[in-house]
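Each chain, letter by letter, is given below.
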Amino acid sequence: MNTTTQPKSLLRRILKWTGITLLALIIIAIAVPFLFKGKIIAKAEEEMNKNMNAVVKLGDVDLSLLSSFPDFRLSMKNFYIANIDSFAGDTLISARELKLDLNLMSVIKGEKYEINAIVLDQPRIMAKVLKSGKASWDITKPSAPSSPDQKPSSPSSFKMGLKDFEIRHGNIVYDDASLNTKAVMKDMNFKLSGDFTSDVFDIKTMTDMQEFSVSYGGVTYLNKVNTKIKADLNADMPKFKFTFKDNEFTLNELVLGLDGYWAMPKDDMDMDLKFSAKKTDFRNILSLIPGAYSKDFANVKTSGKLSLDGHAKGVYGKKSMPAFGLNLLVDNATFQYPSLPKSATDIFVDLKIDNKDGVTDHTRILLNKFHINLGGNTVDAHALITSPVSDADINGSLLAQLNLGTLHDVIPLAKTDELNGRITADIKAEGRMSYVEKKEYDKFKASGKFIVLDMLYKTKGMPDVNLKTMYLDFTPRFVELTKFEANIGKSDIEADGKIENFLQYVFKNELLKGTFNMRSGMMNLDEFMSADTSKAAKPAAAPASTASVIPVPANIDFTLNASIRKMLYDKMEMNDVAGNVRVADHTIDLTELKMNMLDGSMKISGSYNTRDLKKPHVDFKTIAIQGFDIPKTFKTFNTVQKIAPVAEHATGKFSTTLSFIADLDQTMSPVMNTLTGNGNLKTDHVVVSDFGPLSKLGEALKMDQFKNLDVSNLDVSYEFKNGRLWVKPFDLNSNGITSKVEGSTGFDQTIDYKMKMIIPTAKMPSQAKDAINGAFAKVNSQVGTNISMGDKAKVSALIGGTVTKPTIKIVPTGMEGSVKDNVKDEVKAVVTQGIDKGKAEAKAQSDKILADAQVEAQRLRDEAAKASAQFKAEGYKSADDLVAQASNPIEKAIAKKAGEKAKKEIDIKAQTILDDGNKAAQKILDEAKKKSDDLLK
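Residue positions are given per chain, counted from 1 along the sequence in the order it is written. Whole-chain, interface and lining totals are the exception, using all residues; otherwise, since this is a predicted model, local features are given only for residues with pLDDT of at least 70 and side-chain atom pairs are given and counted only at 80 or more. Excluded from the side-chain calculations are hydrogens and water; all other atoms, namely the structure's heavy atoms, are used.

Undergrad: Quick one: what's the story with the overall build of the chain, residue by residue and with numbers?
TA: Across its full length, the chain holds 12 helices and 39 strands. Note on exposure labels: buried denotes an accessible area under 20% of the residue type's maximum, exposed denotes more than 50%, and partly exposed covers the range between, all computed with a 1.4 Å probe on protein chains only. Expressed as a percentage of its 937 residues, the buried residues of the chain come to 37%. For the chain, the computed accessible surface area is about 53,400 Å², with 56% contributed by carbon and sulfur atoms. Per the convention used, a helix needs a DSSP run of H or I reaching at least four residues, while a strand needs a run of E reaching at least two, with both numbered from the N terminus. Note on areas: Shrake-Rupley with a 1.4 Å probe; residue coverage comes only from the protein chains shown.

And the structure:
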């Protein structure tokens, strides 16, 4: 026996099977993702389509195992979830890439899918809440109501066991109209880790945002604040309770600590939270003031102490609020920027907000002291407000003396900014809101003035503001604007008026009412619309600025009586503008607003509303125009270019009275297919030169006068509907030719007009006679008549096609009374017989068109049914073949699941083939019916 060969043989076998095993593992690692890719994607799509009321695109999906072993890595690039219904047009979330690491064994077993990690790369999230409380992320479909004897449905197999979650460079917007709150997070990085498969576990989070902004009630509380958050929590998932353990919130240089817990065991939120400033230097809170946190803030010299703390304890729900409080104390602080000569001194703030039981009306706001000296400019204030909801009791004052020209010695301004002028404020108020509401003005003490003199503000990107004078007088009844004089860029404004309901607006969010008189010699609105009024040269190809939707506030009711000598806006110059403008409830109402423009005058009554910002609406009840210049009108209004292209080739003046309604797009232009209305147009004299359809008519008639048509005393009635301008029959007289014209122009520039003309034969050039005789001869040969022109030719022109590619058809429309003496009764009979024959032939032709259409329509339906059945049979066979060809239980299970999904898609496609065939058949029938009706007219 050879003792040396046995170990070698054993070693070879070990190496052989080890190599085979390793090779098998490598093959499995490469093949498994492809083997299970369809299963995982199908499961994800199935769950999303079953549960989401949104448009979902997974993007480029990839699966791998080698790079993430022992997990699957599912990667989706450029995916998004888009809202529908109330949030149509908004994208809930999109991302450059989403990575999910899935537990391999959970995928193989198929009992539970466990996600170990999620990474969102460069997501953009838009989370919105409507005033009704409906949220954009609430996209799960409601469950169908179950009958009493219905068995409960089996739970979904898709369960998440998350360990790590990460957002990289995200941009998130939270916009809650129900709470009037908005938060914007830019360039956000977020990391979360924890064992979410456990009931009780610790969570670690790290967050940093380049910019964090928060506004509430129209007031911005945090503006582009650099934010860092380190928060460790203990999570009790059965109770849905989170206890803060080790936390630090950094807002610019303000560092806060947070302790306590937040829980949501049911619908309401329970909390016991306390926060306080960890650093007590004044510079920490100074860093939160917009504009103060500049590049050289690190070198700002500060002194003084800060104390800041707050709490919230109790239940927050539909019927309850937690108790809350805030304390801010700044004691004898100062600051000075290194590059500026003066400092801010004597800064004192003592603010306490206290609510002991969560009843909002029990809130007590005490600003015990506020004082600051800005290089000799002082501001003092104090306030005490109690019972702010039921009957606000107010005691407050504001005293300020500011020389704006010296503020730049204390506060850094942009190099291009300039600020001058003086502000004086001395305002006091004491009493209850109920005194004002009951008009017991003797019990409510309110007095004071707010005065601005010679204020000049210059900054890049805005017109210069020179507020010469503004006097505001405060009384218990109203705030009176006794004098206002200003120049804004090239515009000058004078105004006076009264603001009523001011206190009710502040404390009860009631309507702010006002009436103003405004006068101006020049109002240049283009300066307000421009994004940049700097003198810097712009590229020659730079696009022109376009208007955008201007939202109208809801909670104001202002009436403005305007008188403007000259106003400029978007290529238009308007003079002697005067009228009444009311702004209320998202709507601007114009009443008898008059102006002179385009060498004429215009008077408008109507409204513009923005209740739906995505679809602003105009309703002009009356627009009366007198003597507008036609070429200038065409160049000024894009709408005229679409509905009346003939105006580009016309000279003269016109007057019109019209009314219309329309939706507007996001550039404030009418959405043409929503335009409906009517009007009447008149001109004393107009010349139309080189207009394509008329020039084409002149070529057909061999009469050059149509290429340069001179018309007097036009009177045209028209209406807008169904995407077209419809012109009712009107008379047109030019150079001895009388015409009756009617038809329509589409906003897509298609034209369809009928022009019935009476042309004196004596005025026709020989070519025209030949052309008309030729048209008459053609008709005579077709219907067996013997019609000639006589002294006056009665001719109809059918004008179709488009404005740029018109089509012309010339036909005789009959004979008038001056028929030749030698015309015999037989000729009349022939004519009558020819007409009757023509009607009969038209009826026969009409019947044939309808019959042929029925045959063709049925052929299309039969072909669609045959193609649908064939597609379905072949698809089902392919799906069944995949199952039959599977060689192991795993492949068979996968093939069966994929086959079921494929058959559902095949059914949808087969039905689509049938639907398309039926649509094509119906289209043929509709077109045939139209042709038939046209023949029988």
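Next comes the rest of the write-up.
Undergrad: Quick rundown of the packing of aromatic side chains? Include the residues and the values.
TA: When two rings of Phe, Tyr or Trp (its six-membered ring) have centres within 6.5 Å they constitute a pair, described as stacked for plane angles under 30 degrees, edge-to-face for angles over 60, and tilted for the intermediate range. The full count for this structure, using the stated rule, is 10 aromatic pairs. Aromatic pair F240 and W262: ring centres 6.3 Å apart, planes at 65°, arrangement edge-to-face. Here F240 is found in the loop between β10 (219-236) and β11 (241-251), whereas its partner W262 is found in strand β12 (residues 254-263), with 22 residues between them in sequence. Of the residues examined, F240 reaches a relative accessible area of 33% and is grouped as partly exposed. Whether a charge sits over a ring depends on NZ of Lys or CZ of Arg being within 6 Å of the ring centre and within 35 degrees of the ring normal. In this arrangement the basic side chain of K241 is found over the ring face of Y261, its NZ or CZ atom lying 4.4 Å from the centre. Between K369 and the ring centre of F348, over which it is positioned, the NZ or CZ distance is 4.2 Å.

Undergrad: So, a nonpolar patch on the surface: which residues are in play, and what are the values?
TA: On the surface, a nonpolar cluster with roughly 420 Å² of combined accessible area is contributed by L179, Y216, V219 and Y221. In this fold, L179 is placed in the loop between β7 (164-176) and β8 (181-193). Patches here are clusters of residues that have more than 30% relative accessible area and form no salt bridge, with a 9 Å joining cutoff for like charges and a 5 Å cutoff for nonpolar side chains (Val, Leu, Ile, Met, Phe, Trp, Tyr). Definition used for salt bridges: Asp or Glu carboxyl oxygen within 4 Å of a side-chain nitrogen of Lys or Arg.

Undergrad: Would you mind going over the nonpolar core in detail, with residue names and values included?
TA: Formed by 172 residues in total, the largest nonpolar core has its most connected members in F335 and M757. Residues count as neighbours in contact if any of their non-hydrogen atoms are within 4.5 Å of one another. Aside from chain neighbours lying at most four places away, what touches F335 is F282, L286, V300, K301, T302, S343, A344, I347, L374 and V410. Among the nonpolar cores identified, the runner-up in size contains eight residues, and A392, A429, V436 and L503 belong to it. Residues belong to a common nonpolar core when they are buried Ala, Val, Leu, Ile, Met, Phe, Trp, Tyr or Cys residues joined through side-chain atoms within 4.5 Å.

Undergrad: Any chance you could break down the pattern of salt bridges for me, citing the residues and the numbers?
TA: Going through the model one piece at a time under the given rule, you end up with 29 salt bridges. Between R168 and E166 there is a salt bridge; the shortest N-O distance is 3.1 Å. Ionic pairing is found between K458 and E418, a salt bridge with its closest N-O pair at 3.9 Å. A residue pair is termed long-range when its members are at least 10 positions apart, and K458 in strand β21 (residues 445-458) and E418 in strand β20 (residues 418-432) qualify at 40 residues. Among the charged side chains, a salt-bridge network with shared partners connects K204, K230, D232 and D246.

Undergrad: Give me the side chain of T363: which residues, what numbers.
TA: Tracing the backbone shows T363 in the loop between β16 (344-355) and β17 (364-374). We call two N or O atoms a polar contact when they sit within 3.5 Å, provided that within protein one can donate a hydrogen and the other can accept it, with sequence-adjacent residues counted only if both atoms are side-chain atoms. Separated by 2.9 Å, the side chains of T363 and N355 make a polar contact. Other than its neighbours up to four places away in sequence, T363 contacts F324, I353, D354, N355, I385, T386, S387 and P388.

Undergrad: Lay out the environment of M321 in plain terms, naming residues and giving numbers.
TA: Mapped onto the elements, M321 comes out in the loop between β14 (301-316) and β15 (323-336). Spatially, the C-alpha atom of M321 lies 7.5 Å from that of T360, the residues being 39 residues apart in sequence. Not counting residues within four places of it along the chain, the set of residues in contact with M321 comprises V315, Y316, D357, G358 and T360.

Undergrad: Requested: an account of the environment of H311, with residues and values cited.
TA: Mapped onto the elements, H311 comes out in strand β14. Counting along the chain gives 39 residues from H311 to D272, while the straight-line C-alpha distance between them is 7.5 Å.

Undergrad: Explain the pairing of strand β30 (residues 600-609) to me, using residue names and the numbers behind them.
TA: Extensive coverage of β30 is indicated by the burial of eight of its 10 residues. Here, strands pair whenever DSSP counts at least two bridges between them. As defined by bridge partners, strand β29 (residues 587-597) adjoins β30 across nine bridges and the pair is classed as antiparallel. The partner of D589 across the bridge, within β30, is S607. Hairpin connection between β29 and β30: a loop of two residues separates the two successive antiparallel strands, and L598 in this loop has a positive phi of roughly 50°. Examined bridge by bridge, β30 and strand β31 (residues 617-629) share nine bridges and lie antiparallel to one another. Bridge pairing in β31 links Y608 to V618.

Undergrad: Please give an account of helix α9 (residues 692-701) that cites residues and values.
TA: Every buried residue belonging to α9 is among P693, L694, S695, L697, G698 and L701, and all of these are buried. Where α9 ends, the next residue or the one after it, K702, has phi of about 60°, a positive value.

Undergrad: Any details on unusual backbone geometry? Residues and values, ideally.
TA: Both trends apply: most residues other than glycine have a negative phi, and most peptide bonds are in trans. In the Ramachandran plot, N252 falls in the positive-phi region, its phi being about 55° despite a non-glycine side chain. Phi at N735 is positive, roughly 55°, even though this residue is not glycine. With respect to the secondary-structure elements, N735 resides in the loop between β35 (724-734) and β36 (737-746). N735 sits in the exposed class, given a relative accessible area of 53%.

Undergrad: Explain the side chain of D417 to me, and be specific about the residues and the numbers.
TA: Looking at where D417 falls in the secondary structure, it is placed in the loop between β19 (393-403) and β20. Only four residue types enter the charge count, namely Lys and Arg as positive and Asp and Glu as negative; His and the chain termini do not. At 10 Å, K460 is the nearest oppositely charged side chain to D417, a buried residue that forms no salt bridge. Within the local environment of D417, its side chain forms a polar contact with the side chain of T459, the two groups lying 2.6 Å apart. Those residues in contact with D417 that lie beyond four places of it in its chain are Y457, K458, T459 and K460.

Undergrad: A description of the environment of F730 should follow, citing residues and the corresponding values.
TA: In this structure, F730 sits in strand β35. Of the residues examined, F730 reaches a relative accessible area of 10% and is grouped as buried. Excluding residues within four positions of it along the chain, F730 makes contact with L714, D715, V716, S739, K740 and V741.

Undergrad: Let's hear about the pairing of β19: which residues, and what values?
TA: Pairing of strand β18 (residues 377-386) with β19 involves nine bridges; the strand directions are antiparallel. Of the residues in β19, the one forming a bridge with H382 is S397. Taking the residues between adjacent antiparallel strands as the criterion, β18 and β19 are bridged by six residues, where S387 takes a positive phi near 40°. The sheet contact formed by β19 and β20 spans 11 bridges and is antiparallel. Each residue of the ladder has a partner; that of L399, found in β20, is D426.

Undergrad: Tell me what's going on with the confidence of the model for the chain, and back it up with residues and numbers.
TA: Note: pLDDT gives the predictor's confidence per residue, expressed from 0 to 100. Looking at the chain, pLDDT values average 80 and 80% of them are 70 or higher. The low-confidence segment residues 531-546 (pLDDT under 50) makes seven contacts with residues lying over four places distant or belonging to another chain. This stretch, residues 815-835, has a pLDDT under 50; its non-local contacts, to residues over four places away or in other chains, come to 11 contacts.

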